[in-house]
Amino acid sequence: NDRTSFSIEAGPSYIWEEVADVKDDYLALRFAERVDHAFSKTAKVWQSFEYLPRLDDFGDYLMIAEVGAEAALNARLNLRIVLQDKYDSTPGAGLEKSDLSLIAGFSVSL
């Protein structure tokens, strides 16, 4: 509807990775969904999720999840806050599987 949108995507993808100086590239499948909701013309929230399994080994996959909010502070300045988790089922040696990020920033409309 006018305030809420939902999308689903699926298809092939090609992934290039460099983790701990080890380069890898492979074919993968991509399954994704996203929901956006606008509370008003100046405030919105969203969430998204992606699952990318390696085509020849479904035990090797990436998952990316995100939730965020954006609101206008005035006519030209917005505040945006995003929480994102990137999960790699086969991380490089000595690395964690999950990478959690909290990102906050301002955007300016000219």
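Up top is the structure.
Quantities reported herein were computed from a predicted structural model and do not represent experimental measurements. (Residues numbered from 1 in each chain as written. Predicted model: local features only at pLDDT ≥ 70, side-chain atom pairs only at ≥ 80, totals over all residues. Heavy atoms only, no water.)

(A) Highlighting the overall build of the protein chain. Across its full length, the protein chain carries zero helices and six strands. Ordered by position from N to C terminus, the α and β elements of the protein chain give β-β-β-β-β-β. Taking 110 residues into account, the globule formula puts the C-alpha radius of gyration at 13 Å, and the protein chain, at 17 Å, lies well above it. Along the first, second and third principal axes, the C-alpha atoms of the protein chain reach 50 × 30 × 20 Å. Nonlocal contacts in the protein chain, meaning residues at least 24 apart in sequence, comprise 38% of its contacts between residues at least 6 apart. As presented, the protein chain carries roughly 7700 Å² of accessible surface, and 59% of it is formed by carbon and sulfur atoms. Averaging the locations of the 11 positively and 19 negatively charged side chains of the protein chain gives two centres separated by 11 Å. (Helix = DSSP H or I, 4+ residues; strand = E, 2+ residues; numbered from the N terminus. Rg over C-alpha atoms; globule rule 2.2 N^0.38 Å. Contact = heavy atoms within 4.5 Å. Areas by Shrake-Rupley, 256 points an atom, 1.4 Å probe, with all protein chains shown as cover. Lys, Arg positive; Asp, Glu negative; His and termini not counted. Charge placed at Lys NZ, Arg CZ, Asp CG, Glu CD.)

(B) Fine view of the nonpolar core. Among the nonpolar cores identified, the biggest contains five residues, and these are Ile-15, Tyr-26, Ala-28, Leu-52 and Leu-62. Contacts of Tyr-26, omitting those with residues within four sequence positions, involve Ser-13, Tyr-14, Ile-15, Glu-17, Arg-54 and Leu-62. (Core = buried A, V, L, I, M, F, W, Y, C linked by side-chain atoms within 4.5 Å. Buried < 20%, exposed > 50% of the residue type's maximum accessible area, 1.4 Å probe, protein only.)

(C) Structural view of a nonpolar patch on the surface. Together, Val-67, Ile-81, Leu-83, Leu-100 and Leu-102 make up a nonpolar patch on the protein surface, roughly 480 Å² of accessible area in all. Of all the elements in the fold, those that place two or more residues in the nonpolar patch are β5 (77–88) and β6 (98–108). Within the fold, Leu-83 resides in strand β5. On the accessibility criterion, Leu-83 (37% relative accessible area) is partly exposed. (Patch = residues over 30% accessible without salt bridge, like charges linked within 9 Å, V, L, I, M, F, W, Y side chains within 5 Å. Salt bridge = Lys/Arg side-chain N within 4 Å of Asp/Glu carboxyl O.)

(D) Expanded view of the environment of Asn-1. Mapping Asn-1 onto the fold places it in the segment before β1 (4–19). For Asn-1, a relative accessible area of 74% puts it in the exposed group. Once the C-alpha coordinates of Asn-1 and His-37 are considered, the two residues, 36 residues apart in sequence, prove to be 9.6 Å apart. A polar contact of 2.8 Å, which involves the side chain of Asn-1, links it to the backbone nitrogen of Arg-3. Among the polar contacts listed, one links the side chain of Asn-1 to the backbone nitrogen of Thr-4, at a separation of 2.7 Å. (Polar contact = N/O pair within 3.5 Å; in protein donor to acceptor, adjacent residues only side chain to side chain.)

(E) The arrangement of the environment of Ser-89 in detail. By the secondary structure assignment, Ser-89 is in the loop between β5 and β6. On a C-alpha basis, the gap between Ser-89 and Phe-58 in space is 9.9 Å, while along the polypeptide they are 31 residues apart. Sequence-distant contacts of Ser-89, that is, excluding residues within four places in its chain, are made with Gly-59, Asp-60, Tyr-61 and Lys-97. A polar side-chain atom of Ser-89 sits 3.0 Å from the main-chain carbonyl oxygen of Gly-59.

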